[in-house]
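Below, each chain spelled out in residue letters.
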Amino acid sequence: MTTAQIKKIIEQNKNDIAFVIGNGINRYPNNPNAISWDDLLIELWDKVSFQTLTRRPNGISLTEFYDILELENTQAINLQKEVSNVMDSWIPLDHHFQIVDQIRYLNAPILTTNFEETFAKTFQYELLRTDHDGFTDFYPWTTYHGFDQMELPTDGFGIWYINGMIHYHRSIRLGLSHYMGSVERARNFLHKGNEERLFSGKNVSNWKGHKTWLHIVFNKSLFVFGLGLEENETFLRWLLIERIKYFKRFPSRKHKGWYINKRSNNGTDSGKKFFLERVGFEVIDVDDYTDIYQAIWE
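Read on for a plain summary of the structure. Counting of residues starts from 1 at the beginning of each chain's written sequence and follows it residue by residue. Selection of residues for local features in this predicted model requires a pLDDT of at least 70, selection of side-chain atom pairs for listing and counting requires 80 or more, and totals for whole chains, interfaces and linings are taken over all residues. The side-chain quantities take in all heavy atoms of the structure and omit both hydrogens and water.

Regarding its fold elements, the protein chain presents 11 helices and 8 strands. Just to be clear, the radius of gyration here is over C-alpha atoms, and the globule rule we use is 2.2 Å times residues to the power 0.38. Expected size for 298 residues packed as a compact globule is a radius of gyration near 19 Å; at 19 Å, the protein chain falls within 12% of this value. When a residue's accessible area, from a 1.4 Å probe over protein chains only, is under 20% of the maximum for its type it is buried; when over 50% it is exposed; and in between it is partly exposed. Evaluated residue by residue, the protein chain yields a buried proportion of 54% over its 298 residues. Residues count as neighbours in contact if any of their non-hydrogen atoms are within 4.5 Å of one another. At a minimum sequence separation of 6, the contacts of the protein chain that also span at least 24 residues come to 69%. Accessible surface is estimated by sampling points in the Shrake-Rupley manner with a 1.4 Å probe; for residues, cover comes only from the protein chains shown. A total of about 14,000 Å² of accessible surface is found on the protein chain, and carbon and sulfur atoms cover 46% of it. Only four residue types enter the tally: Lys and Arg on the positive side, Asp and Glu on the negative side, with His and both chain ends excluded. Taken as the charge location is NZ of Lys, CZ of Arg, CG of Asp or CD of Glu. Of note, the protein chain has its 34 positive side-chain charges centred 7 Å away from the centre of its 38 negative side-chain charges. Helix and strand definitions here come from DSSP, where helices need a minimum of 4 consecutive H or I residues and strands a minimum of 2 consecutive E residues; each element is numbered from the N-terminal end.

In this fold, Ser36 is placed in the loop between α2 (24–27) and α3 (37–48). In this structure, the C-alpha to C-alpha distance between Ser36 and Gln149, residues 113 residues apart in sequence, is 33 Å. With residues up to four places along the chain from it excluded, the contact list for Ser36 reads Asn23 and Arg27. At a separation of 3.1 Å, a polar atom in the side chain of Ser36 contacts the main-chain amide nitrogen of Asp39. Polar contacts, as used here, are pairs of N or O atoms within 3.5 Å; protein pairs need one atom able to donate a hydrogen and one able to accept it. Residues neighboring in sequence count only if both atoms are side-chain atoms.

Regular strands show a simple pattern: their side chains alternate between the two faces of the sheet. Judged by how many residues are buried, strand β7 (residues 257–262) sits mostly within the fold: 5 of 6 residues are covered. A pair of strands is labelled paired if DSSP reports no fewer than 2 bridges between them. Two elements, strand β6 (residues 221–225) and β7, share 3 bridges in a ladder whose sense is parallel. Each residue of the ladder has a partner; that of Phe223, found in β7, is Trp258. Handedness of the crossover joining β6 and β7 through helix α9 (residues 234–249) is recorded here as right-handed. Relative to strand β8 (residues 282–286), β7 runs parallel, the two being bridged by 5 bridges. Across the sheet, residue Tyr259 finds its bridge partner in β8, namely Val283. Here a crossover is taken to be right-handed if, once the strands point away from the viewer, the path from the first strand over the helix to the second is traced clockwise.

Mapped onto the elements of the fold, Lys211 is located in the loop between α7 (176–191) and α8 (214–219). The class of Lys211 is buried, set by a relative accessible area of 14%. A polar contact of 2.8 Å, which involves the side chain of Lys211, links it to the side chain of Glu151.

Right, here's the structure in full:
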């Protein structure tokens, strides 16, 4: 698909769209200051273990490796705080400014799986909340960076953090145990702990999660880019499954989804494409990362 066609998708859905952005935006174009999750975990490993590792071994996921890190951490180093410190100095590049400016113009939410504040540093942001009741820095899901105080996360532009934010280092989700905690919290919002009545929690106007970024996932069309969405993205993949189950139960509430991917010689990974299409996303291949991080936004 051409970038002109992708721009048209955004334009035609501008009143019902949110952008889900991953770490790919920080690594483009070969940014020496940004690191992969693999590199970050090896850096943490060097801090806590006497055993030398140059790469994550085959057969263990990123999230599982982090939990092993915690077991190896006999020095009681706060690994979430270490991650926060590493990322605190990250700064936006030109394409960050361009992308955030365009999304601000659309007055659409940004959901990011990243922890750092690179997006927020593109403008004079404020730390805001849709709800102060019951706030916990483990799950600051009502907290966002933006300009305006909003009643609901779907009301306009704001930057929301799916896997935690460095401002609250205890919120950073890195391990499988962390992800399972997020799943359990979200599941109780959606279903009220009632397995026999799916979406008994969500099927009310003021459901328990309506002030959190979860409200965006279920009430906006999602435009995803810069996100590998590999098998280790347990929490987000589970949410997309719940999202399509919700739409099947309530077809009139269905929203769209697009996943932007750089075309490779082998094409999009067949398993990932199979998953995404089954949870309601159109997989769109482009020729180059420049198309994703520059051309779409010009």
